[in-house]
Structure formats: structure tokens, C-alpha cells
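Okay, here's what each chain looks like letter by letter:
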Amino acid sequence: MVKKVGNIVSSSDVSDSSPNPSTSAQKTEKQIVLMIAILAGFITPFDGSAVNIALPTLGAEFHMDAISLSWIATAYLLSSAIFLVPFGKIADIYGRKKVFLYGITIFSLASLAMTMVPSTEMLITIRVVQGLGSAMIFGTGVAIVTSVYPPGERGKALGIYITSVYIGLSTGPFLGGIMTQHFGWRSIFFVNVPIGLLAIVLILWKLKGEWAECRGEKFDLTGSLIYGLSVVAVMYGFSLLPDIEGAFLLAAGIIGSIFFILYEKRICSPVLDMNLLTKNRVFALSNLSALINYSATYAVTFLLSLDLQYTKGFTAEHAGFILIAQPVFQAMVSPLAGRLSDRIEPRLIASTGMALTAIGLFFLTFISETTPIWYMICILIVLGIGFGLFSSPNTNVIMSSVDKRFYGVASGMNGTMRLLGQMLSMGIAMMIFAVVTGPVEITPEYFPQFVASLHYAFILFTIFCIVGIFMSLVRGKTLPPTHLVESGSCINADK
């Protein structure tokens, strides 16, 4: 049934390409969608994890300190977080396939440009463009997979998709280390280009139809600008702490976020429907759990990469081989966790994963310059299992708790929590470096301060995860999608 409410087309039973799910054509479409999502899901985390392992080489070539190195990762994350929710909404209005195609094209072109970058400033600028492309990919990828897979198959499909993300994370440190060692750091960006081209060809050749349940709705440009400026102020301000400029920007970002919430509640077609957060407890707390989990885990690879190469003297290749342990176990566990979330209460699986993550982070607080490698590998395995158990069930809960007209926004919101968490994680690392180590290149005389910075970071991350366990448990049992009423003045979601 399709109903028109105001100027919004609400499709509760069909989408623009919604043949009978039992037909072979629909089965083929689902397989193609999943294949494209797997390719896109691989290259973006591969890029991020490979860059992390190449940071010391980049730092040596461009003479960058630890804080500047952090901005190579943070600029990418910040750009992605700014655009994820707006592009999720744009995808719901104008078509998820269209936005996804533009995103993979921009990301591939930016990756090619990174192979020719001549300076630190240009490097960070192109990372911002890469983040824009990544936002268009992640703001639609999960939404498209959710659109074509029914609830009984959704957890399994999302588990496979997230596995591709973890394979990207797995091969990133290992292959990134080998490529950096033998071909230079620019090679880790060039490899994105042929993979991106393959995804583009498959979209244009095989993927028919479109998904746009909010076609005709007006895009909220003002709200998107307020949202983007608030995110920039919060994150950039956090990176400047404890300076007074950082505190000022952080306060401005928080005020801007409050204004954004109030503004979104008043308008007819918000970029982010606040009822999704205020009237859907499962959706809200599941996103909060994701934010906490990523805040506590993302900087681990960055910090351990520096530790292995600086204080322990490993090459980028050997450091990548050690760090591969965590994402390998994530990739092994994630499909199983996704299948289980179709049969067992997902919050219990996700909460167990969060608890294992907290245990792994706690044991990282004891590392030193003489910590044996087997100890670090064991911890990485625990972290990999924990995150694998958490991510797939939590994503399944988020996407299954909303009506299909909100899939793009829900996908964007989920991705935003991931990126905000990653930015917060990197921001904590940057702030601790700024306070404990200072804006200096990491040399043997500063190793004690560097190790102390690691300890402070892992203590904070452990506390985050303990709070996250509680949030994951109190979200309540997963129920069918919560249908929202009176979003602004013109949306009446029905089934």
C-alpha cells in the first residue's frame, strides 16, 4: 500500500523496485546489492586502517608531529560525520542507488589524487574529499541492503556486509605495511581505484531500479548546515583542548547541537526526525551504544601502531602483521553474530561483545616498552571477538527498529555514531598527546611520556565500555519497527 501524506510518498509495502521477494529476479537483485555493498564496505575501512600503519612513514616524509599525524585520520572522519546524516536523507528523497554511485565515484577519484599529493596541507584536504565520498557510501549502503532483505534474512546479510568491513580492516594493516615497505605509502591509496571502478561498473550494469520512499519531500538544507557546523566545532574544539580556544569551540558546538535539535522539532521536513530519538528507545539507545563502542575502540589501532613501530622498533610490515589479529577475529565472528541476531535477542549478544571489549581494553592499560608480543596479540583477539559480537546484532537492531521510509536516515545515523565515536576516540588520543607528550616528534627521549599517554587513553576507553554495557542492556527487547506519528507537521508514518 502506498499512501501520500502531505507532499511525501510513504511506501510501506513497496519501493521503486519491489518485485515479489520470492521471484528469482528479486533473489538475483539481493545478491548483486550485497556484492556491491561488500566491495564498498571493503575499500573504505581498508583505506583507513592502511593509512594508520603508514603514519610513521608519512610523518618522516612530511616532518609531521604526532598531533598532525592524527589529523590525517581525523580530517577523513570529520568530513564523513558532517555529511552522513544529510546524505542519508538525500538518498531517501532522491534515490539511494544514485547517492551510492556518486559516493563510490568521488571516493575513487580522491584516492587517485592521494597518489599525487605534494604537501601536508593538500594531503589533509584530499582526505576531506575522501570523507565526503565515504559518507555517501555509508549513508546508503546499509540502507540498500536493509531495503532488499526481509527481517528474517537481514541479520545474516548485514553480518556478511560487516564481515567485508572487517576484511578491509584485516588486510589494511598487513597489506598496508607490505605496500608501504616495498612500494611507498601512496600505493595504499591507488589500490582503492580498481576496486571502486568494479563497484561502479556493477551498479551501472546490473543494479536496476531505485529506492526512494521519501520522494517529493523537501531537503532540510538549513538544518544540515547547523548540524555540520556543530560537528566541526565540537571535534575541532576537542582537538585543541586544553587551550582556551578549544573550550570555546567545544561550547559553541554544544550550543549549536542544542539549537539543531530545537530547530529540527519545529520544521516540516527535518533532516533528522527527532521522534526517532525521543519516541523510539531501542533506536536511540542502540545508536548510543554504537557511539560508546567506537569511541572506546577506534584509536586502539592508531595507538598500538605507533607503539609497535616507535617503542618496539618494528617495521610497518611487521607491525601490520601483528595488528591483523583483531580484525581477523572480527571478520570470523561477525557473520555468526549476525545469524544469531535473527534468532536470539540481539541486545544480549551485543552486550556480551561490549563486555569482552572492556576486558581487552583493561589489559591494554598494563602495556609497557617491554610488553611481550604474545600478550598484545591475545588482547587483540579478545577485542576482535568482542567487537564482532557487538557490531552486527547492534546494526540489525537499529535498522529493524524503524519504518522503511527512514532507512536512509537510520543508516546515516548509525554511520554517524560510528564516525563520531571514531572522531571522539582520536580526539581523546590527540588531547592526551597534547597534554602529556606535547607537539614533538616521537623520539626515544620521549618514550616514557608516550607510554604514559597510552595508559591514560586505555583507562578512559575501559570506562567508556563499562558504561556501554549498561546502555546496551537497558535499551529493552527488540520489537518490530516503531512507527512515528506527527513528525514535524506533515509526516504520519504508517505501515
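Residues numbered from 1 in each chain as written. Predicted model: local features only at pLDDT ≥ 70, side-chain atom pairs only at ≥ 80, totals over all residues. Heavy atoms only, no water.

**Overview of the packing of helix α12 (residues 281-310) against helix α15 (residues 346-364)**
Convention followed: Axis geometry follows a simple rule: fit a line to the C-alpha atoms, using only the stretch in contact for helices, then measure angles between N-to-C directions, giving values from 0 to 180 degrees. In DSSP terms, a helix is any run of H or I states spanning at least four residues, a strand is any run of E spanning at least two, and both are numbered starting from the N terminus. The crossing is said to be left-handed when, going from far helix to near helix, the turn is anticlockwise and less than a right angle, and right-handed when the turn is clockwise. Two residues qualify as a contact provided that any one of their heavy atoms is within 4.5 Å of a heavy atom in the partner residue. Gly is put with the polar residues, along with every residue not named as nonpolar or charged; the nonpolar set is Ala, Val, Leu, Ile, Met, Phe, Trp, Tyr, Cys and Pro, and the charged set is Asp, Glu, Lys and Arg.
Axis separation between α12 and α15 bottoms out at 11 Å; the angle between their running directions is 35°. Relative to α15, the crossing made by α12 is left-handed. Mapping the contact onto sequence places Ser289, Asn293, Ala296, Thr297, Val300 and Leu304 in α12 and Met354, Thr357, Leu361 and Leu364 in α15. Looking at the contact of α12 with α15, its residues break down into six nonpolar, four polar and no charged.

**Some details on the side chain of Ser80**
With respect to the helices and strands, the residue Ser80 is situated in helix α2 (residues 66-94). Setting aside residues no more than four positions away along its own chain, Ser80 makes contact with Gly131, Ser134, Ala135 and Leu419.

**Overview of empty space enclosed by the protein**
Basically, it comes down to this: Site definitions follow a grid-based scheme: protein atoms alone, a 1 Å grid, a 1.4 Å probe that fits but cannot get out for cavities, and for pockets an open set with protein on both sides within 12 Å along at least five of seven lines, plus lining residues having an atom within 4 Å of a point. Grid points are joined across faces, edges and corners, and a volume is the space filled by probe spheres set on the points.
Taken as a whole and judged by the stated rule, the model has two cavities of 30 Å³ or more. Of the voids in this model, the second largest cavity is the one considered here, and its volume is about 50 Å³. Surrounding the second largest cavity, Val33, Ile36, Ala37, Phe100, Gly141, Ile144, Val145 and Leu207 form its lining. Elements with a contribution of two residues or more to the lining of the second largest cavity: α1 (24-62) and α5 (141-148). Broken down by class, the residue content of the lining of the second largest cavity amounts to seven nonpolar, one polar and no charged.

**Some points on the environment of Gln181**
Our working rule: Working definition: with a 1.4 Å probe on protein chains only, accessible area under 20% of the residue-type maximum means buried, over 50% means exposed, and in between means partly exposed.
Here Gln181 lies in helix α6 (residues 151-183). When its relative accessible area of 40% is taken as the criterion, Gln181 is described as partly exposed. When the C-alpha atoms of Gln181 and Ala54 are compared, they prove to be 8.9 Å apart, with 127 residues separating the residues in sequence. Leave out the neighbours within four places in its chain, and Gln181 touches Thr315, Ala316 and Glu317.

**Here we look at the packing of helix α17 (residues 407-437) against helix α18 (residues 447-474)**
Running from N to C, α17 and α18 point in directions that differ by 145°, and their axes come no closer than 9 Å. Judged by the sense of rotation from one axis to the other, the crossing of α17 with α18 is right-handed. Contacts between α17 and α18 involve Leu424, Ser425, Ile428, Ile432, Phe433, Val436 and Thr437 from the former and Gln449, Phe450, Ala452, Ser453, Tyr456, Ala457, Leu460, Phe461 and Phe464 from the latter. Class assignment for the residues of the contact of α17 with α18 results in twelve nonpolar, four polar and no charged.

**A few points about helix α13 (residues 316-323)**
We apply this condition: This arc describes the spread of directions from the helix axis toward the C-beta atoms.
Those residues of α13 not exposed but buried are Ala316, Ala319, Gly320, Ile322 and Leu323. Summarising the axial view, the buried residues of α13 lie within an arc of 160°, below the 170-degree limit, and thus occupy one face.

**A word on the pattern of salt bridges**
Any two side chains of opposite charge can pair, on the condition that their charged atoms come close. Let me state the cut-off plainly: Salt bridge, as applied in this entry: a Lys or Arg side-chain nitrogen positioned within 4 Å of an Asp or Glu carboxyl oxygen.
Taken as a whole and judged by the stated rule, the model has three salt bridges. The partner of Asp47 in a salt bridge is Arg127, and the shortest N-O contact between them spans 2.5 Å. Highlighted residues: Asp47 in helix α1 and Arg127 in helix α4 (residues 120-138), separated in sequence by 80 residues. For Asp47, a relative accessible area of 1% puts it in the buried group. The class of Arg127 is buried, set by a relative accessible area of 1%. Across the salt bridge formed by Asp92 and Arg96, the nearest N and O atoms sit 2.8 Å from each other. Grouping residues by exposure puts Asp92 and Arg96 together as buried.

**Observations concerning a nonpolar patch on the surface**
Inclusion rule: Think of a patch as exposed residues, more than 30% relative accessible area, with no salt bridge, where like charges cluster within 9 Å and nonpolar side chains (Val, Leu, Ile, Met, Phe, Trp, Tyr) cluster within 5 Å. For every accessible area listed, the method is Shrake-Rupley and the probe measures 1.4 Å; residues are considered covered only by the protein chains on display.
On the surface, Tyr456, Ile459, Leu460, Ile463 and Val467 cluster together into a nonpolar patch covering about 430 Å² of accessible area. Residue position: Ile459 is located in helix α18.

**Some words on the nonpolar core**
Stated precisely, the cut-off is as follows: For our purposes a nonpolar core is just a set of buried Ala, Val, Leu, Ile, Met, Phe, Trp, Tyr and Cys residues, chained together by side-chain atoms within 4.5 Å.
Ranked by internal contacts, the top residues of the largest apolar core, which has 140 residues, are Ile104, Leu303, Leu304, Leu361, Leu364, Phe458 and Phe461. With 17 residues, the single largest contributor to this core is α1. Non-local contacts of Leu364, meaning those with residues more than four positions away in its chain, are made with Val300, Leu304, Ile379, Leu383 and Phe458.

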